Amino acid sequence: MLRLCSLLVLIASPVFAATVTGIPRVVDGDTLVVANTRVRLFGIDAPEAKQSCKTTQGVRWACGQAATAELQRLAGRGVRCTGNEQDRYGRLIAICRAGGRDLNAEMVARGAAFAYRRYALDYVGQEERARRAGLGIWQGEARRPAAVRAATKVQTPPSNCAIKGNISKRGRLYHLPGTGSYAATRINTAKGERWFCTEAAAKAAGWRRAGG
């Protein structure tokens, strides 16, 4: 039986690990608040809350709202979420379970979320099966949530320094304008990320080209 708002934090140097359990508040299709801890579901990316998708007939439907509702159905009786890192917004990146099921996997398998391949390949199999079956977001046309976020949050580079120096699990990478991940990459200077004016400057600072 899950205890409402119980929180267990384990510190195992040098890795931070945390488990939170309780009845969650669902923010959207991939974000929960459990025991006052904001949780981002690992390895998946659900449509944005206000995002719409299209059926094969071109009819728009509220896929963002549907993803939120699906996570509420799956998580409504309580969850146990475990992770060992936080994202740049301070959210615990976690795998959440309810009734013995991996909710991250269930969201992708039901066509309520994409496998977030930029960060993990754990749920690619579930995504492929959902796509072949035409479930949820795969019943027609759906934009990747990262592209939707990038379109609504445009960062203006300083002066002519448009190269993005990003820090991720893969290390310090720089992204050139026009490359695949450029638009979706956000620069957080408080985290040590930065803009570069030239590729040579990025390399001299010890950063390597994304995808290289």
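Visitor: Could you give an account of the sheet that holds strand 17 (residues 208–209), naming the residues involved and the relevant values?
Guide: The four strands are arranged 16-14-15-17 in an open sheet whose pairing can be described as mixed. The sheet terminates laterally at strand 16 (194–196) and strand 17, the two strands that pair on one side only. Note: strand 15 (residues 171–175) against strand 17, two bridges, orientation parallel. Each bridged residue has a counterpart across the sheet, and for leucine 173 the counterpart in strand 17 is arginine 208.

Visitor: Would you mind going over the sheet that holds strand 7 (residues 53–55) in detail, with residue names and values included?
Guide: Pairing within the open sheet is antiparallel, and its three strands lie in the order 8-7-13. Edge strands, defined here as strands with exactly one partner in the open sheet, are strand 8 (60–61) and strand 13 (140–141). Pairing of strand 7 with strand 8 involves two bridges; the strand directions are antiparallel. By the bridge assignment, lysine 54 is partnered in strand 8 with arginine 60.

Visitor: So what's going on with the state of the cysteines? Which residues, and what values?
Guide: According to the stated counting rule, one finds three disulfides in the structure shown. Here cysteine 53 pairs with cysteine 63 through a disulfide, and the sulfurs are 2.1 Å apart. The chirality of the disulfide connecting cysteine 53 with cysteine 63 is right-handed, given an S-S dihedral of about 75 degrees. Note that cysteine 53 is positioned in strand 7 and cysteine 63 in helix 1 (residues 63–75), a separation of 10 residues in sequence. Since its relative accessible area comes to 2%, cysteine 63 is described here as buried.

Visitor: Could you give an account of the nonpolar core, naming the residues involved and the relevant values?
Guide: Ranked by size, the top nonpolar core spans 32 residues in total, and within it Leu32, Val34, Val39, Cys81 and Met107 carry the most contacts. With five residues, the single largest contributor to this core is strand 10 (residues 92–98). Residues Ile163, Leu176, Phe196 and Ala202 belong to the second largest nonpolar core, which totals seven residues.

Visitor: Talk me through the pairing of strand 15; I want residue IDs and the actual numbers.
Guide: Here five bridges tie strand 14 (residues 163–168) to strand 15, and the two strands are oriented antiparallel to one another. Within the sheet, the bridge partner assigned to isoleucine 167 lies in strand 15 and is arginine 172. Count of turn residues in the strand 14/strand 15 antiparallel hairpin: two residues.

Visitor: I'd love a proper account of the layout of surface pockets, names of residues and values included.
Guide: A volume near 950 Å³ is recorded for the largest pocket. Within the residue set of the lining of the largest pocket, elements represented by two or more residues are strand 3 (25–28), strand 5 (37–41), strand 9 (79–86), helix 4 (145–152) and strand 14. When its residues are assigned to classes, the lining of the largest pocket shows 16 nonpolar, seven polar and 15 charged. Estimates place the volume of the second largest pocket at around 300 Å³. Lining the second largest pocket are 15 residues, with Tyr116, Arg118, Arg144, Ala146 and Ala184 positioned closest to its centre. Put simply, the parts of the chain that give the lining of the second largest pocket at least two residues each are strand 12 (114–115) and helix 4. At four residues, helix 4 tops the list of elements feeding residues into the lining of the second largest pocket. In the lining of the second largest pocket, the residues fall into nine nonpolar, two polar and four charged.

Visitor: Can you lay out the packing of aromatic side chains for me, pointing to particular residues and giving the numbers?
Guide: This model, assessed by the stated rule, comprises three aromatic pairs. Measuring from centroid to centroid gives 5.4 Å for phenylalanine 114 and tryptophan 138, while their planes differ by 80 degrees, and the two rings are edge-to-face. Remark: tryptophan 138 occurs in the loop between helix 3 (124–133) and strand 13 and phenylalanine 114 occurs in strand 12; sequence separation between them is 24 residues. Summarising the burial analysis for this pair, phenylalanine 114 and tryptophan 138 share the class buried. Pairing tyrosine 116 with tyrosine 119 gives two aromatic rings, centres 4.9 Å apart and planes at 80 degrees, and the pair type is edge-to-face. Judged by its relative accessible area of 13%, tyrosine 116 is buried. Note on tyrosine 119: relative accessible area 37%, which makes it partly exposed.

About the thresholds
- Residues numbered from 1 in each chain as written.
- Predicted model: local features only at pLDDT ≥ 70, side-chain atom pairs only at ≥ 80, totals over all residues.
- Heavy atoms only, no water.
- Pairing = 2+ DSSP bridges.
- Helix = DSSP H or I, 4+ residues; strand = E, 2+ residues; numbered from the N terminus.
- Disulfide = S-S within 2.5 Å.
- Buried < 20%, exposed > 50% of the residue type's maximum accessible area, 1.4 Å probe, protein only.
- Core = buried A, V, L, I, M, F, W, Y, C linked by side-chain atoms within 4.5 Å.
- 1 Å grid on protein atoms, 1.4 Å probe; cavity = no way out; pocket = protein on both sides within 12 Å on 5 of 7 lines; lining within 4 Å.
- Points joined across faces, edges and corners; volume = space filled by probe spheres on them.
- Nonpolar A, V, L, I, M, F, W, Y, C, P; charged D, E, K, R; others polar.
- Phe/Tyr/Trp six-rings, centres within 6.5 Å; stacked < 30°, edge-to-face > 60°.

Remember, this is a structural readout, not a statement about activity or role.
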